[in-house]
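# Fold and geometry: a report
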Amino acid sequence: MGSAAAYHLARRGVRVLGLDRFGPAHDRGSSHGGSRIIRQSYFEDPAYVPLLLRAYELWAELAERSGREVYRLTGGLFVGPPDCLTVAGSQRAATEWSLPHEMLDAAEIRRRFPTLTPGAGDVALYEAKAGFARPELTVAAHLDLAAREGATLRFDEPVLEWSDGPRGVEVRTARGSYTAGQLVVCPGAWAPALLTELGIPITIERQVLYWLDPVGGTAAFEDHPVYIDENARGQQIYGFPAIDGPRGGVKTAFFRKGRECTPETIDRTVTDREVDEMRERVIQLLPALSGPAVHTATCMYSNTPDEHFVITRPEGYANVTVACGFSGHGFKFVPVVGEVLADLAIDGVTHHPIGLFDPRRLVTT
Ligand SMILES: Cc1cc2nc3c(=O)[nH]c(=O)nc-3n(C[C@H](O)[C@H](O)[C@H](O)COP(=O)(O)OP(=O)(O)OC[C@H]3O[C@@H](n4cnc5c(N)ncnc54)[C@H](O)[C@@H]3O)c2cc1C
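Predicted model only: the values in this text are computed from it and were never measured. Counting from 1, residues in each chain are numbered in the order their sequence is written. Totals for whole chains, interfaces and linings use every residue, but because this is a predicted model, local features are given only for residues with pLDDT of at least 70 and side-chain atom pairs only at 80 or more, for both listing and counting. With hydrogens and water excluded, all non-hydrogen atoms of the structure serve as input to the side-chain values.

## Some details on the overall build of the protein
Let me state the cut-off plainly: For helices the rule is a DSSP run of H or I covering at least 4 residues; for strands it is a run of E covering at least 2, with both sets numbered from the N terminus onward. As defined in this context, the radius of gyration uses C-alpha atoms, and a globule is described by 2.2 Å times the residue total to the power 0.38. Classification of residues uses two cut-offs on accessible area relative to the type maximum, computed with a 1.4 Å probe and protein chains only: under 20% is buried, over 50% is exposed, and between them is partly exposed. Any two residues having at least one pair of non-hydrogen atoms within 4.5 Å are treated as being in contact. Surface accessibility follows the Shrake-Rupley procedure with a 1.4 Å probe radius. Residue values consider only the protein chains on display as shielding. None of His or the chain ends enter the tally, which takes Lys and Arg as positive and Asp and Glu as negative. Here the site of a charge means NZ on Lys, CZ on Arg, CG on Asp, or CD on Glu.
If you tally the helices and strands in the protein, you get nine helices and 20 strands. Its C-alpha atoms give the protein a radius of gyration of 21 Å, within 12% of the compact-globule value 21 Å for 365 residues. Counting only C-alpha atoms, the protein reaches 65 × 45 × 40 Å along its principal axes. Each of the 365 residues in the protein was classed as buried or not, and the buried ones make up 54%. Sequence-distant contacts, at least 24 apart, represent 73% of the contacts inside the protein between residues at least 6 apart. Accessible surface, the protein: about 15,900 Å² in total, of which carbon and sulfur atoms supply 50%. In the protein, 37 side chains carry a positive charge and 46 a negative one; their mean positions are 3 Å apart.

## Notes on the site of the ligand
Put simply, the rule is: To be near a molecule or strand, a residue needs just one of its heavy atoms within 4 Å of it. Under the rule applied, a polar contact is a pair of N or O atoms within 3.5 Å (in protein, one hydrogen donor and one hydrogen acceptor; residues adjacent in sequence only if both atoms are side-chain atoms). Each residue gets one of three labels, nonpolar for Ala, Val, Leu, Ile, Met, Phe, Trp, Tyr, Cys and Pro, charged for Asp, Glu, Lys and Arg, and polar for the others, Gly among them.
What surrounds the ligand is a group of 30 residues, the closest being D20, H26, S31, C299 and K332. Between the ligand and H26, the relevant distance is 2.7 Å, taken from an oxygen atom to a side-chain nitrogen or oxygen of the residue. The separation between a nitrogen atom of the ligand and a polar main-chain atom of G328 is 3.3 Å. Across the complex, the protein chains shield 93% of the 1,000 Å² of accessible surface that the ligand would expose by itself. The greatest single-element share of the shell around the ligand, amounting to three residues, is contributed by strand β18 (residues 293-303). Across the shell around the ligand, the residue classes tally to 16 nonpolar, nine polar and five charged.

## Quick look at the packing of helix α1 (residues 2-11) against helix α2 (residues 49-66)
Convention followed: Orientation is described by lines fitted to C-alpha atoms, with helices fitted over the stretch in contact, and by angles between N-to-C directions that extend from 0 to 180 degrees. Our angle categories are set so that under 35 degrees counts as roughly parallel, over 145 as roughly antiparallel, 65 to 115 as roughly perpendicular, and the remainder as oblique.
Contact geometry of α1 with α2 gives a least axis separation of 14 Å together with a crossing angle of 80°. Judged by the angle between their axes, α1 and α2 are roughly perpendicular. Counting all contacts with α1, which are made through Y7, H8 and R11, the residues of α2 involved are L58, E61 and R65. For the contact of α1 with α2, a count of residues per class yields two nonpolar, one polar and three charged.

## Brief notes about the UniProt feature "domain: FAD dependent oxidoreductase" (unreviewed entry) in the protein
Spelled out, the test is: UniProt positions are given in the numbering used here, feature names are shortened, and annotations may be inferred rather than shown by experiment.
The UniProt record annotates "domain: FAD dependent oxidoreductase" (unreviewed entry) at residues 1-344. Secondary structure over residues 1-344 splits into 26% helix and 28% strand, and the C-alpha atoms at its two ends are 14 Å apart.

## Thoughts on the pairing of strand β4 (residues 76-80)
Each regular strand displays side chains that alternate between the two surfaces of the sheet. Keep this limit in mind: Only strands that DSSP links by at least two bridges are regarded as paired with each other.
In terms of residue burial, β4 counts as a mostly covered element, since five of its five residues are buried. Burial along β4 is two-sided: G76, F78 and G80 and L77 and V79, pointing in opposite directions, are all buried. In terms of strand pairing, β4 meets strand β6 (residues 123-127) through five bridges, oriented antiparallel. In the strand pairing of β6, G80 is matched with V123. Of the pairings in the sheet, the one linking β4 to strand β14 (residues 226-230) comprises four bridges and is parallel in character. Bridge assignment links G76 to a residue of β14, and that residue is V226.

## A few points about the sheet that holds strand β12 (residues 183-185)
Read from one edge to the other, the open sheet built from three strands follows the order β12-β20-β19, with strand pairing classed as mixed. Edge positions in the sheet fall to β12 and β19 (310-312), since each of these pairs with one other strand and no more. In this sheet, adjacent strand axes meet at a mean angle of 10° when their direction is disregarded. Taken together, the three bridges between β12 and strand β20 (residues 320-324) define a ladder with parallel strand orientation. Across the sheet, residue V185 finds its bridge partner in β20, namely V322. The sheet contacts of helix α9 (residues 334-347) involve β12, β19 and β20, and relative to β20 the element is tilted by about 160°.

## Focus: the sheet that holds strand β11 (residues 177-180)
What the three strands build is an open sheet, ordered β9-β10-β11; its pairing is antiparallel. Bordering the open sheet on either side are β9 (159-165) and β11, each of which pairs with just one other strand. When the angles between neighbouring strand axes are averaged without regard to direction, this sheet yields 15°. Alignment of β9 against strand β10 (residues 168-173), held across six bridges, turns out to be antiparallel.

## A few points about the packing of aromatic side chains
Under the convention used in this document: Each pair of aromatic rings taken from Phe, Tyr and Trp, with Trp reduced to its six-membered ring, is defined by centres within 6.5 Å and is described as stacked if the planes are under 30 degrees apart, edge-to-face if over 60, and tilted in the remaining cases.
Inspection of every chain in the model, using the stated rule, returns 16 aromatic pairs. Their ring planes at 50° and their centres at 5.4 Å tell us that Y48 and F333 sit as a pair that is tilted. On the criterion of sequence distance, the pair formed by Y48 in the loop between β2 (36-38) and α2 and F333 in the loop between β20 and α9 is long-range, its members being 285 residues apart. Side by side, Y48 and F333 carry an identical accessibility label, which is buried.

## Focus: the side chain of S3
Topologically, S3 is positioned in helix α1. Once residues lying within four places of it in the same chain are set aside, the contact partners of S3 are V139, H142 and L143.

## A closer look at the pairing of β6
Across the five residues of β6, five count as buried, placing the element largely inside the fold. Across the two faces of β6 the burial is the same, with V123, L125 and E127 and A124 and Y126 all buried. As defined by bridge partners, strand β5 (residues 102-105) adjoins β6 across four bridges and the pair is classed as antiparallel. Residue pairing in the sheet places E102 in a bridge with Y126 of β6.

In structure tokens form, the structure reads like this:
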């Protein structure tokens, strides 16, 4: 989010200083692991759809300007019982916004996608425009373009403190102090530490990514849709095509099956038990994924109580803009969030619909 904000701000001709506690496109926050699902039939809430439509335009622009394959459209299947959130919610968003989609019954899913074995009563919404983004490439592309537009980017420079006053903001880092007219804070899992005084309730959750070696090789998964599958208990898993070569496995994960942590306390070790649990669940839909894990990784979600984002100019801070609490589903919005943050920092307002992300909804008084 910060790299996209730096790019959109620099592009509009303002002077930008970008600061990160780690190196560019690192693996210690929430934006690593090779792939992120992008989709438009948004079961979380149809209110996200206009932002997604703009995000897709900006994804295409980012790919073109950076010359990198930051995303790929593979088609996406959102599978489960007809009335579950994944299916009914996606259908609601698709219908409300007239998004192209198809509804498939279990037999049709099996016929068109032979890797999949949905339950007899399951159905799927198929969206041709779904696919995946590449998080590390996306961050690198935004940083490159930001630098090209004149932004100064500093890495391995943690912000220790910030304050807002009548003459602008002051930021103290491990290396020095800076003053600026405006501050944009996109701290990911460090939001509880860096934004304590704003009182935004965010819980950090450890999540695990699994790359399983398919029986019969990766060939059947190379030209494969992304998927989200919900079972009768409401548990969602998701996954990707094979994009890491014949030995790279196929990536899959539980959506929202985490343990609370902090960036300091997260346990980066993934146990055999966790791998077994993932494999047992995913082979219900994709029996070929019964092979060993070739790789695993951990990543953090920053969850708000209602799982909607926080994007705001907080009350009482005239020169500060904040984006946090992306609750495990923010990546597909990265380019449009950059645009929104530039609007808010430069103009104080945005024409994009961000009412859902006002943190005042989370304050219980
Ligand atoms: C396992 C997993 C799977 C996901 N899958 C999807 C998906 O399929 N689709 C989707 O849309 N979204 C997905 N997401 C969510 C998405 O990746 C996140 O919402 C998004 O990456 C959050 O970006 P961010 O910029 O808020 O956080 P980050 O990318 O973590 O960036 C925060 C940055 O702030 C820096 N920072 C923090 N504190 C300081 C400080 N004091 N000083 C200087 N710098 C600081 C950090 O170093 C970091 O670089 C997934 C997330 C995870 C973890």
